[in-house]
Amino acid sequence: MAAAAGQGRPSGACRAGRTKADPRDREIAKLKAEKARLEAGLAKARTVIEVQGRLSALLDQFATDSAPNQNGENTK
């Protein structure tokens, strides 16, 4: 009858020490890390696509500038 006499822990008291981690917190952290990784990959892909577009435009310009005219001569 120690608990009834007011000895020991009162009902609803927290245990001392470290609380157990919620598995949802671990999942949230994992998903945030994956999101950051995917966003970095997307940024890299967008940069590659932009550079490819610029390169394509330059190559088209180079091809039209150096194309032979009707006399068979290069324009530059």
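That block above? That's the structure.
In short, a report on the structure.

Cut-offs and rules
- Residues numbered from 1 in each chain as written.
- Predicted model: local features only at pLDDT ≥ 70, side-chain atom pairs only at ≥ 80, totals over all residues.
- Heavy atoms only, no water.
- Salt bridge = Lys/Arg side-chain N within 4 Å of Asp/Glu carboxyl O.
- Helix = DSSP H or I, 4+ residues; strand = E, 2+ residues; numbered from the N terminus.
- Buried < 20%, exposed > 50% of the residue type's maximum accessible area, 1.4 Å probe, protein only.

### Structural notes on the pattern of salt bridges
Thought 1: Counted under the stated rule, the structure contains four salt bridges.
Thought 2: With its nearest N and O atoms 2.8 Å apart, the salt bridge here joins arginine 24 to aspartate 22.
Thought 3: Taking the shortest distance from any N to any O, the salt bridge between arginine 37 and glutamate 34 comes out at 4.0 Å. Residue arginine 37 and its partner glutamate 34 are located together in helix α1 (residues 23-65), separated by three residues, close to a single helical turn.
Thought 4: Judged by its relative accessible area of 54%, arginine 37 is exposed.
Thought 5: For glutamate 34, a relative accessible area of 34% puts it in the partly exposed group.

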